[in-house]
Amino acid sequence: MGLADLIAIPNIATKLKVPEKTSDKVLGPKPDMWCEFHKSFGHSINLCLALGHQLAELVKRGFLKDYLLEKRTSQSSGSQ
């Protein structure tokens, strides 16, 4: 599951502060890369600082605990 899938989960999406629309068509040095979070070109979602900071805060507050535990459990059961 990628970050675009993660931010589409309703319980997570409602906790994220959606970036304001900007008139800039490119938000970064890579005009060919798309950021699903900003809905703009300029960087990839995997390099999105705004999303990274918000997800880090949600992890710190425990909001992603269930997802992280589920991910860890499925990874450990798949390696057996």
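Note that residues are indexed from 1 along each chain, following the sequence as it is written. Restriction of local features to residues with pLDDT of at least 70 applies here, the model being predicted, together with a cutoff of 80 or more for giving and counting side-chain atom pairs; totals for whole chains, interfaces and linings are based on all residues. Neither water nor hydrogens contribute to the side-chain values; these are computed over all heavy atoms in the structure.

### Re the side chain of His43
- Runs of E in the DSSP output that reach at least two residues are strands. Runs of H or I that reach at least four are helices, and both are numbered from the N terminus. Position of His43 among the secondary structure elements: in the loop between β2 (40-42) and α3 (49-61).
- Three labels apply to residues, based on accessible area from a 1.4 Å probe with only protein chains included: buried if under 20% of the type maximum, exposed if over 50%, partly exposed otherwise in between. Looking at His43, the relative accessible area reads 12%, which means it is buried.
- Polar side-chain contacts of His43 include one of 2.8 Å to the backbone oxygen of Leu27.
- Beyond its immediate sequence surroundings of up to four residues, His43 is in contact with Leu27, Lys30, Met33, Trp34, Cys35, His38 and Cys48. Polar contact is defined as a pair of N or O atoms within 3.5 Å, subject to the rule that within protein one atom must be able to donate a hydrogen and the other to accept it, and that residues adjacent in sequence are counted only when both atoms are side-chain atoms. Every residue pair with non-hydrogen atoms within 4.5 Å of one another is taken to be in contact.

### A word on the state of the cysteines
- Count a disulfide wherever a pair of cysteine sulfur atoms falls within 2.5 Å. Evaluation of the coordinates by the stated rule reveals zero disulfides.
- The closest cysteine sulfur to the non-disulfide-bonded Cys35 is located on Cys48, 3.8 Å from its own sulfur.
- In this structure Cys48 comes out as buried when scored by relative accessible area, which is 5%.

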